[in-house]
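As a plain string of letters, each chain reads:
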Amino acid sequence: MKSCITISLVEEARGGPFVLWDGLEKSIALAGELGYDAVEIFAPGPEVIDAEALRAMLEAANLKLAALGTGAGWVKHRLQLADPEAGKREEARAFVRSIIDCAGQFGAAAIIGSMQGPSGQTGDSDIARGYLCEALEDGGSHAAQYNVPLIYEPLNRYETQQCCTVEEGVSMLESLSTDNVRLLCDLFHMNIEEADIAKALLHGGKWVGHIHFVDSNRRPVGLGHMKYGPIIDALRKIDYQGYLCAEAFPYPDAHEAARQTMRAYRYWTGN
Ligand code: LER
Ligand code: MN
């Protein structure tokens, strides 16, 4: 299991659960100094990512790009994949494809979290689910050209009514014709929705593609009441080889949150 930390470049998301906020250059340098393996970037859109400059910064800090979030599609552009209007849905899917293209050059995956929409505003959850599945088919097959999966994140009930648990996520992914979509299991959302987080990860099995590594209160790992022993055991049992990515509030501040997560990552994985 590899370590990773989130960087947000989206001003509209200030106050949100991303650790580093101080621009790409400083954030990447700090992640490198602290010994992280990779970063996950939350960007307003692909146009703000200068691929050559990013490649140079990552190389200098000995880091990989793990993933790019698509959440700004919702937070900034108010695009969601289950919008009742067909034109808006296509705009949302095009935004996701543009993030996949940007991440794909780095061998990194795009993540669909808040772009799945609160429930769609269709008022009909089956229709909203159908629109989400169309978008996952579209993004999953688009991502295949880069040999990376598309990552889908179940969220807690206060953020979506699409899929809130790993079990719901797995059955949705199994119903798709593409097999190129994987689940992002965010321990904060799981702490709200799952009866047993470790069992849910075991059920997730091969579908688990990324982890948001955070404590029960969305503070860095070790600053809440999450029980990590069974979680790490479950990830080992399913032979999870991906990232444990710090997506937490920058508490008590960004630097300390980054250091705390790295201490916890080393403690729990023995790396
Ligand atoms: C994003 O990864 C996430 O977990 C959502 O709750 C959006 O903040
Ligand atoms: Mn998350």
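Right, let's walk through the structure included here. (Residues numbered from 1 in each chain as written. Chains lettered and ligands numbered in written order. Predicted model: local features only at pLDDT ≥ 70, side-chain atom pairs only at ≥ 80, totals over all residues. Heavy atoms only, no water.)

Each helix and strand counted, the protein has ten helices and eight strands in total. In summary, the protein has a C-alpha radius of gyration of 17 Å against a globular reference of 18 Å for 271 residues, a match within 12%. Counting only C-alpha atoms, the protein reaches 45 × 40 × 35 Å along its principal axes. Here the protein, with 271 residues, has 57% of them falling under the buried criterion. A sequence separation of at least 24 residues applies to 77% of the contacts in the protein between residues at least 6 apart. Looking at the protein as shown, the accessible area adds up to about 11200 Å², and 48% of this sits on carbon and sulfur atoms. Each charge sign in the protein was given a centre, from 24 positive and 37 negative side chains, and these centres are 5 Å apart. (Helix = DSSP H or I, 4+ residues; strand = E, 2+ residues; numbered from the N terminus. Rg over C-alpha atoms; globule rule 2.2 N^0.38 Å. Buried < 20%, exposed > 50% of the residue type's maximum accessible area, 1.4 Å probe, protein only. Contact = heavy atoms within 4.5 Å. Areas by Shrake-Rupley, 256 points an atom, 1.4 Å probe, with all protein chains shown as cover. Lys, Arg positive; Asp, Glu negative; His and termini not counted. Charge placed at Lys NZ, Arg CZ, Asp CG, Glu CD.)

For the rest of this paragraph, the subject is the coordination of the manganese ion (ligand 2). Within the protein, the atoms that donate to the manganese ion (ligand 2) are E153 (OE), D186 (OD), H212 (ND1) and E247 (OE), at distances of 2.1 to 2.3 Å. Its six donor atoms give the manganese ion (ligand 2) angles of 70 to 175° at the centre, a pattern that matches the octahedral case. Along the chain, the residues that donate to the manganese ion (ligand 2) are spaced as E-x32-D-x25-H-x34-E. Of this pair, H212 sits in strand β7 (residues 208–213) while E247 is found in the loop between β8 (243–246) and α10 (254–269), placing the two residues 35 residues apart along the sequence. E247 carries the same exposure label as H212, and that label is buried. (Donors = N, O, S within 2.8 Å, 3.2 Å for Na, K, Ca; no water. Tetrahedral: all angles 85-135°; square planar, octahedral: opposite > 155°, others 65-115°.)

Our focus in this paragraph is the packing of aromatic side chains. All told, the structure shown has five aromatic pairs when counted by the stated rule. Residues Y228 and W268 carry aromatic rings whose centres are separated by 6.0 Å and whose planes lie at 40° to one another, so their mutual orientation is tilted. Note that Y228 is positioned in helix α9 (residues 228–237) and W268 in helix α10, a separation of 40 residues in sequence. On the basis of relative accessibility, which here comes to 27%, the residue W268 falls in the partly exposed class. Aromatic pair Y267 and W268: ring centres 4.9 Å apart, planes at 90°, arrangement edge-to-face. Ring pairs connect the aromatic residues F213, Y228, Y267 and W268, which therefore count as one cluster. (Phe/Tyr/Trp six-rings, centres within 6.5 Å; stacked < 30°, edge-to-face > 60°.)

With that settled, the discussion passes to the nonpolar core. Grouped together as the largest cluster of nonpolar side chains are 83 residues, with contacts concentrated most on I41, L136 and L187. No other element matches the seven residues that helix α4 (residues 86–104) contributes to this core. Sequence-distant contacts of L187, defined by excluding residues within four places in its chain, comprise I197, I211, H212, F213, V214, M226, Y228 and I231. Membership of the second largest hydrophobic core comes to six residues, among which are A13, W21, F42 and A72. (Core = buried A, V, L, I, M, F, W, Y, C linked by side-chain atoms within 4.5 Å.)

The next subject is the packing of α4 against helix α5 (residues 125–144). Following both chains from N to C, one finds α4 and α5 inclined at 30°, their axes separated by 10 Å at the closest point. Here α4 is positioned roughly parallel relative to α5, judged by the angle of their axes. Read as a crossing pair, α4 and α5 show a hand that is right-handed. On the side of α4, the interface is formed by R89, R93, R97, I100 and D101, while α5 contributes Y131, E134, A135, D138, G139, H142 and A143. Partitioning the contact of α4 with α5 into residue classes produces four nonpolar, two polar and six charged. (Axes fitted to C-alpha atoms, helices over the stretch in contact; angles between N-to-C directions. Parallel < 35°, antiparallel > 145°, perpendicular 65-115°, else oblique. Left-handed = near helix turned anticlockwise from the far one by under 90°. Nonpolar A, V, L, I, M, F, W, Y, C, P; charged D, E, K, R; others polar.)

Moving on, we get to the pattern of salt bridges. Counting across every chain of the model gives eleven salt bridges. Between R14 and E11 there is a salt bridge, and its shortest N-O distance comes to 3.1 Å. According to the relative accessible area criterion, R14 is partly exposed, its value standing at 47%. Note that R218 is salt-bridged to D186, the shortest N-O span being 3.7 Å. One end of the pair, R218, is in the loop between β7 and α9; the other, D186, is in strand β6 (residues 181–186), and 32 residues separate them in sequence. Accessibility assignment for this pair places R218 and D186 in one class, buried. Ionic contacts of the salt-bridge type, sharing partners, join the residues E90, R93, R97, E134 and D138 into one network. (Salt bridge = Lys/Arg side-chain N within 4 Å of Asp/Glu carboxyl O.)

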